[in-house]
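Descriptive structure summary
Residue-level listing of the chains:
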Amino acid sequence: MATRKITRYWKDNKEHYTKCLCYSDEYGLYTDTIPEGSNPPELLYRPQGYKGYVINRIGVPGQNIKITILTNFEYGSVSYHSAAIQFGNRRILDFEQSKLYVLRNCSVSTLDVSCYSWDLLFEKIIKAYNTASLDDLSTSAIAYIDELSDMLDKNEIFIKGSLDTDKSTKWDGTFLVSLFAGKKIQDLVKGLEAAEVSDPTVLKYTMNLCRKYITKVKNLTLDNEDSRITQLSEHLLSVHKFMCANEGGAEYLSMILDKEV
């Protein structure tokens, strides 16, 4: 197997990344400094700076929790650094509102950080692990959904390409706002399904968001030659699937057809 290349940044800064992700029956998940070359049983993951796409799957000993760490360093605007956590059959969700206005590689289904932010990613993983079995989803989910609903009321929004840039670009006009909001709604409903969310309040707020999005799209003036229309169609399909799964299929059809069914 070919040796992976290390990024230039990692060559220059590796000595600053000393904390590793660890686990013990006594402390659960935690971080600790593990000397390079040492491989104690509590060590789960050591920070790395490999160039390109890397996926590492980690199991927590004795528990039905799987952690997947995904990186794609030194690839410009498509670089990313994230983790996904599976608690049994449920995906653990992250409703950090700052991710709403980021175009690439920010999802409710992943824990996302700026590239090389290993300490922060480990903190997020530990927090998710410690709260995975607790019923604290509703508040953060509703705040996220409310912010997404407010986005649909705007005629312009400012979007960052990724977490690693401070520069924002204005998306101007109801079509672009609907296009971007639809992408985030699609991500939301897929996440709720993967997490097997059954909280009635979260589902109610999401259903209202779907209704609002349908109304928004129906009022758009569309150019049939605009290739981005297919994206709107995909977003509506996700809304349709969510509403059907939550006893709203007939209502979806009624709204689309403008008639009682």
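Everything below is about the structure shown above.
Residues numbered from 1 in each chain as written. Predicted model: local features only at pLDDT ≥ 70, side-chain atom pairs only at ≥ 80, totals over all residues. Heavy atoms only, no water.

1. Structural notes on the overall build of the protein
Definition in use: Numbering of helices and strands starts at the N terminus; helices are DSSP runs of H or I of at least 4 residues and strands are runs of E of at least 2. Burial classification: accessible surface area is computed with a 1.4 Å probe over protein chains only, and a residue below 20% of its type maximum counts as buried, one above 50% as exposed, and the rest as partly exposed. We call two residues in contact when some of their heavy atoms are within 4.5 Å. What sets the accessible areas is the Shrake-Rupley method with a 1.4 Å probe; for residues, cover comes only from the shown protein chains.
Along its length, the protein carries seven helices and ten strands. Based on the C-alpha atoms only, the size of the protein along its principal axes is roughly 70 × 35 × 35 Å. Looking at the protein as a whole, 46% of its 261 residues qualify as buried. By sequence separation, contacts in the protein at least 24 residues apart represent 58% of the contacts at least 6 residues apart. Carbon together with sulfur atoms contributes 48% to the accessible area of the protein, which is approximately 14200 Å² in total.

2. Notes on the pairing of strand β9 (residues 156-160)
This is how it is decided: Any two strands with at least two DSSP bridges between them are considered paired.
Across the two faces of β9 the burial differs, with I157 and I159 buried and E156, F158 and K160 not buried at all. Summarising the sheet, β9 and strand β10 (residues 168-172) pair through five bridges and their orientation is antiparallel. For I159, the partnering residue across the bridge sits in β10 and is T169.

3. With respect to the sheet that holds strand β1 (residues 19-24)
Adjacent strands of a sheet pair through backbone hydrogen bonds, lying either parallel or antiparallel. For clarity, the cut-off: Simply put, an axis is a line fit to the C-alpha atoms, just over the touching stretch for a helix, and the angle between two N-to-C directions goes from 0 to 180 degrees.
The strand order across the open sheet formed by three strands is β2-β1-β3, and the pairing between neighbours is antiparallel. Each end of this open sheet is capped by a strand with a single partner; those strands are β2 (28-33) and β3 (43-45). With strand direction ignored, the average angle separating the axes of adjacent strands in the sheet is 45°. One ladder, built from two bridges, connects β1 with β3; its direction is antiparallel. Directly across from L21, in β3, lies its bridge partner Y45.

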